Amino acid sequence: MVAINNSTEIRCQEKSRGGLSYEVILAEPAPNVAVPKKPVTPGKNVSAEEIENKLKAAEERRISLEQKKMADLSYKLAKIEEATRKKDEITNEFINQTKENLETKMEQHVEKREAIISDLKEKLKIHSQEIEKTREQLEHQKYVEKIAIEEKLKSAQTLRDENIKKMLERLKEHNTIKIAEIKNQIDQLESQKIEEKARIIENKLYTAEQNREKEIQKKIEKVHKLERRAEMVRQNKAALCEETKGTAIASSG
């Protein structure tokens, strides 16, 4: 910086690289101002042109230094931008990779859940078929036992009639009253025997019916447990899908 005032004063200010500044003043000394004595260089006079050249050189050095500083700053900014760009690329790649891995795991988890649910449905179907088959078998067994009991009762009745007929034939010469008493006694004994047999058969049928009902109830309870389990799996799957959607939306946001 150069400035010339009315007293032909020339000022030059230059800042060195280390931050030190100095001034060169060429002017007439002000009145009553002590001029510091400067050492005189033997045989050398400094002209205004030389001073001007030195000032220009100093200005050029300053401009060069500023340009170098600007170049260094631009280089550092470029490096920062490059580092930021690489960091963003790595972050985006990590996010995309994590998202892909999460989606893959979710797909596998959903497929596994669907396979479990499908397997449970198939097992429930097979179990229901087994229950129906067991019920039909029990019904058929009950029907067969009923027919067998009826056949036994018919056979017992036929046998009783035949025994009575034989006894009557053997007792024809006996007194009619005696025959009637004997027949009555026989009828009572046969009736008691038939009633006892019928009671025993009825108890067996009742026990079989109770056992069948218990077996069917156990199978129905098992089916209900499987249905509740399948419902819980379905609800967990729905909740997991909702949570996955929320996570994906939060990640994209």
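All chains use their own residue numbering, which begins from 1 and follows the written sequence. Note on the predicted model: pLDDT of at least 70 is required for a residue's local features to be given, and 80 or more for side-chain atom pairs to be given and counted; whole-chain, interface and lining totals, by contrast, use all residues. Hydrogen atoms and water are omitted, and side-chain values are computed over all heavy atoms in the structure.

## What about the side chain of arginine 212?
And then number 1: Mapped onto the fold, arginine 212 is located in helix H2 (residues 176-252).
And then number 2: For the exposure calls, accessible area comes from a 1.4 Å probe over protein chains only, and a residue counts as buried if that area is under 20% of its type's maximum, exposed if over 50%, partly exposed in between. According to the relative accessible area criterion, arginine 212 is buried, its value standing at 9%.
And then number 3: The contact rule is simple, with two residues in contact once any of their heavy atoms fall within 4.5 Å. Residues in contact with arginine 212, not counting those within four places in the same chain, are Arg135, Leu138 and Glu139. Helix and strand definitions here come from DSSP, where helices need a minimum of 4 consecutive H or I residues and strands a minimum of 2 consecutive E residues; each element is numbered from the N-terminal end.

## A closer look at the side chain of histidine 127
And then number 1: Along the chain, histidine 127 turns up in helix H1 (residues 48-170).
And then number 2: Among all residues touching histidine 127, those that are not within four sequence positions of it are Lys219, Lys222 and Val223.

## Focus: the confidence of the model for the protein chain
And then number 1: pLDDT gives the predictor's per-residue confidence on a scale running from 0 to 100. Per-residue pLDDT for the protein chain averages 78, and the proportion of residues at 70 or more is 76%.
And then number 2: Taking the mean pLDDT of every element in the protein chain, the minimum, 40, falls on strand S1 (residues 2-4) and the maximum, 88, on H1.
And then number 3: Segment residues 1-10 is flagged for pLDDT under 50; beyond a separation of four residues in sequence, or across chains, it makes 24 contacts in the model.
And then number 4: Note that residues 24-29 has pLDDT below 50 and, in this model, 17 contacts with residues that lie over four places away or in other chains.

## Things to note about a nonpolar patch on the surface
And then number 1: Taken together, the side chains of Met70, Leu73, Leu77 and Ile80 make up a nonpolar region of the molecular surface, amounting to roughly 380 Å² of accessible area.
And then number 2: Counting through the fold element by element, leucine 73 comes out in helix H1. Like-charged residues are merged into a patch within 9 Å and nonpolar side chains (Val, Leu, Ile, Met, Phe, Trp, Tyr) within 5 Å, provided each residue has over 30% relative accessible area and no salt bridge. Accessibility throughout is a Shrake-Rupley quantity obtained with a 1.4 Å probe, and a residue counts as covered only by protein chains that appear here. The working definition used for a salt bridge is a side-chain nitrogen of Lys or Arg within 4 Å of a carboxyl oxygen of Asp or Glu.

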